[in-house]
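So you can see what is in the structure, the chains are spelled out below.
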Amino acid sequence: MILRTPESQVKIAPSILSADLSKLAEQVREVEAAGADRIHVDVMDGHFVPNITFGPVLVKWLRPVTKLPLEVHLMISDPDRFLDAFAEAGADALIVHVEGANHLNRTIQHIKTLGRKAAVAINPATPAVMLEEVLPDLDLVLAMTVNPGFGGQSFISGTLKKIAAIRRMIDAVKPGCELEVDGGIDHDTAPRVIAAGANVLVAGSSIYGAPDGPTAGLKRLAQAGGG
């Protein structure tokens, strides 16, 4: 669902971390029908973050369920070990963390050799300048607006300044690079991150946890963003 704003076209990426896994296929198809632009898959290893979630098998299972792009957010230590597996499973974009990759440039180049979109995530306490050397090679930057590891956390307002700083960097160096935000994104925080420069919104609880269902949650988020 593309949201029209004066600054950009903003897209929505529902995160299946908050979905009802007992009916995951149904819930993914529902947000696709409601206008989602991509599906966000949070991968956690219990080491880089204090939680364990999905692996390549789930991505492989999910691939025939939807025509939407699957972006895989690797909140794991040493992500290089799993890039090939997730690419083969059907991931369209691979997101690695500045803080989790030992040799970030090498990791990004590996993703590119796999023919996938290369993306880098940055945690709330990590300064934007850490992206400077790799930004020319990226298709997407993901600014975390909560500390990674769990869904349903409250938005960290202090990240707005960094989102704006990353937007300035992107506009100066790689205008085609997307700026995605993840964490506490709902109808209240969406306008704030869009104003700061984000053009992709990852949302889990506000969509899949909406009391009136995922379709209503997604549409409410779209309306808040100006769509």
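Higher on the page you've got the structure.
Note that the structure is a prediction, hence the values are computed from the model and not measured. (Residues numbered from 1 in each chain as written. Predicted model: local features only at pLDDT ≥ 70, side-chain atom pairs only at ≥ 80, totals over all residues. Heavy atoms only, no water.)

Caption draft 1: Broad picture of helix H5 (residues 159-173). Helix length check: H5, at 15 residues, gives a terminal C-alpha distance of 21 Å against a target of 21 Å (1.5 Å per residue), a fit within 8%. Among the residues making up H5, those that are buried are Thr-159, Leu-160, Lys-162, Ile-163, Ala-164, Ala-165, Ile-166, Arg-167, Met-169 and Ile-170. Residues of H5 that are buried in the fold lie against strand E6 (117-122), strand E7 (140-144), strand E8 (178-182) and helix H6 (190-196). (Helix = DSSP H or I, 4+ residues; strand = E, 2+ residues; numbered from the N terminus. Expected span 1.5 Å × (residues − 1). Buried < 20%, exposed > 50% of the residue type's maximum accessible area, 1.4 Å probe, protein only. Contact = heavy atoms within 4.5 Å.)

Caption draft 2: Quick look at the layout of surface pockets. Estimated volume of the largest pocket: approximately 280 Å³. Lining the largest pocket are 24 residues, with Gly-151, Gly-152, Asp-182, Gly-183 and Gly-184 sitting closest to its centre. Elements represented by at least two residues in the lining of the largest pocket include exactly strand E3 (39-44), strand E9 (200-203) and helix H7 (205-208). Within the lining of the largest pocket, the residues separate by chemical class into 10 nonpolar, 11 polar and three charged. (1 Å grid on protein atoms, 1.4 Å probe; cavity = no way out; pocket = protein on both sides within 12 Å on 5 of 7 lines; lining within 4 Å. Points joined across faces, edges and corners; volume = space filled by probe spheres on them. Nonpolar A, V, L, I, M, F, W, Y, C, P; charged D, E, K, R; others polar.)

Caption draft 3: Inspection of helix H8 (residues 214-224) at higher detail. Of the residues making up H8, those classed as buried are Pro-214, Gly-217, Leu-218, Leu-221 and Ala-222. Across the axial projection of H8, the buried residues extend over an arc of 135 degrees, all falling on one side. (Arc of directions from axis to C-beta.)

Caption draft 4: The arrangement of the environment of Gln-109 in detail. Among the secondary structure elements, Gln-109 is positioned in helix H4 (residues 104-113). We classify Gln-109 as partly exposed; its relative accessible area is 31%. Each C-alpha atom, one on Gln-109 and one on Ala-164, is 26 Å from the other, the two residues being 55 residues apart in sequence.

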